[in-house]
Amino acid sequence: MTESALFTMAFVLYILSTFVYFASLFARRVKWAGKGLALAGVGLALHTVALVVRTVTSGHAPFTNMYESLSFFAWATVLAFAALDLKFRLPKIGPSVMLIVVALMALASSPLMPKDVIPLVPALQSYWLWLHVSVTLIGEAFFAVAFVASLLYLTADTEEKREKLDSVSYRAVAVGFPLFTLGGLVFGMIWAYKAWGAYWSWDSKEVWSLITWLVFALYLHTRIVMGWKGRRSAVVAIIGFLAAMFTYFGVNYLLTSLHSYR
Amino acid sequence: MAVWKFFSSVKLAIFLIILLTLASVIGTLIPQGRSAEEYAARYGELAGLFVRLQLTDLYRSAWFLALLFLFAVNLTVCTVSRIGPKLRRAFGPASGTDAGSVAATKLRNRLKLAGAPASAAARISKELSSRRYALKTAGRENGAVLLARKRRLGWFGSDAVHFGLLIILAGGIVSGLAGRRSHLALLEGQTADVPHADFRVRLDRFETEYYPEGGVKAWKSTVSVLEDGRPVLTEVVKVNHPLTYRGFHFYQSRYGWDWQNPKLEILVGKMDDPSSSRSVSLKTGERVPVDGPGITHLGVRRFVPDFVLGEGNRVQSRSGEPRNPAALVEAWQGEERVFAGWIFAKFPDFGDGHGDGRAALSFVLKDFQAAQYSVLEAARDPGANLIWVGCLFVTAGFFLAFYWTPREIRVVLEGGSGVTEATLGGFASKGRDAFRSEFEAVCESLRRVL
C-alpha cells in the first residue's frame, strides 16, 4: 500500500478516535474513552507503517520537509499520549490531544505542503538527522500533552480534576524536557559542529530552542524550588509549548535561519 | 555574607532566566550584525538607539555577557551552598535523632520481630542489602536506628545539570577567546597556508555530484595536508564530513567559479548559410584572428555568469551561479568593427543580427568553462571538548534528577531481650507507587522470617 493511502487511513482513524473521545466526554461514559484510545492505537500502527514506507521509498529519514515532519510530529504526539495514558489513565485529556493530532494531520495534508519525495541536500545527509529531529520532536510531543493538560487545568471545575491535570502536566514535562534537551540542544550542537564547524552560531532556530529550554527550566524551578503549582505552572507550561512551536514553525516562516527546511 | 546570600537565591536565578529569555527573543526579532544602512532603512530613527544599546550585536554585547556571567555566578553559588547538606543527606551517618523523623514519613509500618534489637537489625540489614540499599546504623537507648538509602546519586541530578551548564559556559568562553576560524578559497591545484597553523592544505580536486532528478547530491573537495611541502594526508571533504588534522577541522563551506578568466567557445556564421559557421575558442580580453565568414577577428570584452541590467542599465551579474551566462562580443572586418553586442548562452537567437554591424551575421555562445574553486572553513575550537563534557553532565543529570529517585528507609528498633519492635518509615520524592510496593515487600518478607 502506498504511503499516502496509509496516511489517509491513519488520519481517518484519528478523526474517529477524536469523535469517540468527545462522545465519551459529553455522554459521561468513561468506558468509551478506552475505545477512543484503541482507535488512536490502530491509527498509530498504520501511521507507523506509513512512516516506514516513506523511509523505504525515499531512502532517508521521514522528516526532511514540513509535510514529513508534521506527519512525524502528529505520530509522536499520539505515541506520547498513548504512553502517558497507559501509565496514568488520562481519559479526560484524550479528546483535546486527539484534536491537536487531527489539526496537525490536516495541516500536513493541506495542499500548501509539498509531498514529493525530494533527495536529501548535502547538509542533511547525516545520521544525526535521525537522532536530532526524532528525539526533539518526540520531546515536543510530550510538551504538547503538557500543553493540553495545562489548558484543561485552567478550565477545570473541581479540585480533584485540577490536581490530576497538574500532575499530568508535570509528568509530561518530566519526560519531554530531558528528550528536548538531548535531541534539540545536545544532538543539535554536535551535528552543527560536524556540519558547520561551530556548535553554536546564535542562529534564530538555535536561539528559539534555547528560549524554549529556558521557559521549561523556569517551569521546573518555580515549581520545585518555589512551590508554584497549578495555575501559574500551567501558564508557564503553555508558554513553553508555544515557544517550542514557534521554534518548530515560526522560525522557518517568519525569521531567517540556517534551518529553513520547509 | 550579603553577596553570597544574594547569589544563592533561586529567585535571582528565576529573574536572570527571564531576562536571558527576553534578551534572546529580542535578538531574534532584530536581525544581527547587519550594516548601518540596513538598520537605518529598517528602523529609521530607532536605528541609532538600537546600535547604542548593542541590540544589533546582542549576543556578543557587554550587557548580555554580563547577564551570562551573573547567571554563572548564581549557578555556582546556588550549587555550592546546597551541596553540603545534600552530601550529608546522601552519605552521612545515621543518628539517634532520626527516630523522630520516622514518625513524619507517609509510608510507615510497625513490626514485631523475634530476638534482641541487634539480631533484628542484622536481619533487616540483610533484607535491605539484598535490595541494594546502603546501610548506616546508629545506636540508641534500648535499640538502634537503621538508615538505608539507595539511588543516592539521584540527589545530585540537578547539581550535575548545573555543573554541566557551567562547563558549557566555560567552553563558550574558551571558544570565544582561543577559537580560530578562517576561510580558504582554493582553485583546483592551489595550496594555501592555514592561518595559526604550521602546515598547508592543497585542493586536489573539486566536484559537484548531482542526483538524476537534478538536485545537488554532494560537493566533494579532495584535500591534501602538506607538512614541509610533502602531502601527509589526503581526504575527501564533504558537507557533514570534515577533515581533521592536528586539532584543525576543515569543512566544506562554499564553492564557486572563477568567472574572471573563463574559456569560451563562440560559433560565428552567416545567418542564411549554416555551413559557413566556425567555432572560435578564446578567453575574455582576447582578440583572435578568424578565417571568415565576413570577419577577420573576433574578441570578447566581458563575461558575466548571471546577466542582469542594474541601475542605469549597467550590466551586472546577479549571482555567481551560471544562470544566465552572457558575453560581450566584438567582430572586425579588417579595421572596421562590424559587430558589438551581448550574446547569451541560454538565448542563442538573441545574438542574431543585433548590434551596430551587419545583420547577416549570427553569434552563438556555445560553451563556457571556468575553473571551480572550493571554500574550506578551517577551524580550531579548543572549547568544543568542554561543551561535550558539559552536555554529558547535563544529560546524565537530567536522567538522575527525573528517573533515579533516591529511596530512603529508616528503621527504629526498640525492645528487650526476647522481642524487638521495629518501626519502618519510607521516603521517596517521586515514583511513590513503585516505592510503596517495594516498601510493602520489605515488610512482608521481614514478617515471614518470624
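Nothing here was measured: the structure is a model prediction, and the numbers come from that model. (Residues numbered from 1 in each chain as written. Chains lettered and ligands numbered in written order. Predicted model: local features only at pLDDT ≥ 70, side-chain atom pairs only at ≥ 80, totals over all residues. Heavy atoms only, no water.)

(A) Expanded view of the overall build of chain B. The helix and strand tally for chain B stands at 10 helices and 22 strands. What you see for chain B is a C-alpha radius of gyration of 39 Å, clearly larger than the 22 Å of a compact globule of 450 residues, by over 25%. Considering chain B as a whole, with its 450 residues, one finds that 43% of them fall into the buried category. For chain B, the share of sequence-separated contacts (at least 6 apart) that also reach a separation of at least 24 residues comes to 57%. Positive and negative charge centroids in chain B, built from 57 and 43 side chains respectively, lie 16 Å apart. (Helix = DSSP H or I, 4+ residues; strand = E, 2+ residues; numbered from the N terminus. Rg over C-alpha atoms; globule rule 2.2 N^0.38 Å. Buried < 20%, exposed > 50% of the residue type's maximum accessible area, 1.4 Å probe, protein only. Contact = heavy atoms within 4.5 Å. Lys, Arg positive; Asp, Glu negative; His and termini not counted. Charge placed at Lys NZ, Arg CZ, Asp CG, Glu CD.)

(B) Just a positive patch on the surface, in detail. A contiguous patch of positive charge, built from Lys87(A), Arg89(A), Lys164(A), Arg171(A), Lys106(B) and Arg432(B), is present on the exposed surface. By the element assignment, Lys164(A) lies in helix α6 (residues 159–195). (Patch = residues over 30% accessible without salt bridge, like charges linked within 9 Å, V, L, I, M, F, W, Y side chains within 5 Å. Areas by Shrake-Rupley, 256 points an atom, 1.4 Å probe, with all protein chains shown as cover. Salt bridge = Lys/Arg side-chain N within 4 Å of Asp/Glu carboxyl O.)

(C) Focus on the sheet that holds strand β6 (residues 200–210) of chain B. All names here are of chain B. Sheet architecture is open: four strands sit in the order β5-β6-β7-β8, paired in antiparallel fashion. Only two strands of the sheet have a single partner each, and these edge strands are β5 (191–193) and β8 (230–237). Shown here is a sheet whose adjacent strand axes are inclined to one another by a mean of 25°, direction ignored. (Pairing = 2+ DSSP bridges. Axes fitted to C-alpha atoms, helices over the stretch in contact; angles between N-to-C directions.)

(D) Layout of the side chain of Thr284(B). Residues and elements named next belong to chain B. Take Thr284: it is sitting in the loop between β12 (273–283) and β13 (287–289). With relative accessibility at 18%, the residue Thr284 sits in the buried group. With residues up to four places along the chain from it excluded, the contact list for Thr284 reads Gln260, Asn261, Pro262, Val300, Arg302 and Phe303.

(E) The pattern of salt bridges, seen in detail. Summed over the entire model, instances satisfying the criterion amount to 29 salt bridges over all chains. For Glu159(A), the salt bridge goes to Arg162(A), with nearest N and O atoms at 3.0 Å. With Glu159(A) and Arg162(A) both in helix α6 and three residues apart, the pair spans about one turn of that helix. Looking at Arg162(A), the relative accessible area reads 24%, which means it is partly exposed. Note that Glu330(B) and Arg301(B) form a salt bridge whose closest N and O atoms lie 2.3 Å from each other. Of this pair, Glu330(B) sits in strand β17 (residues 326–333) while Arg301(B) sits in strand β14 (residues 297–304), placing them 29 residues apart in sequence. In this structure Arg301(B) comes out as partly exposed when scored by relative accessible area, which is 49%.

(F) A look at the sheet that holds strand β10 (residues 248–257) of chain B. All names here are of chain B. Spatial strand order, β4-β20-β10-β9: four strands in an open sheet with antiparallel pairing. Each edge of the open sheet is held by one strand with a lone partner, namely β4 (180–187) and β9 (243–245). Going from strand to strand, the sheet's axes swing by 30° on average, the running direction of each strand aside. Bridge analysis of β4 against strand β20 (residues 372–380) gives eight bridges, and the strand direction is antiparallel.

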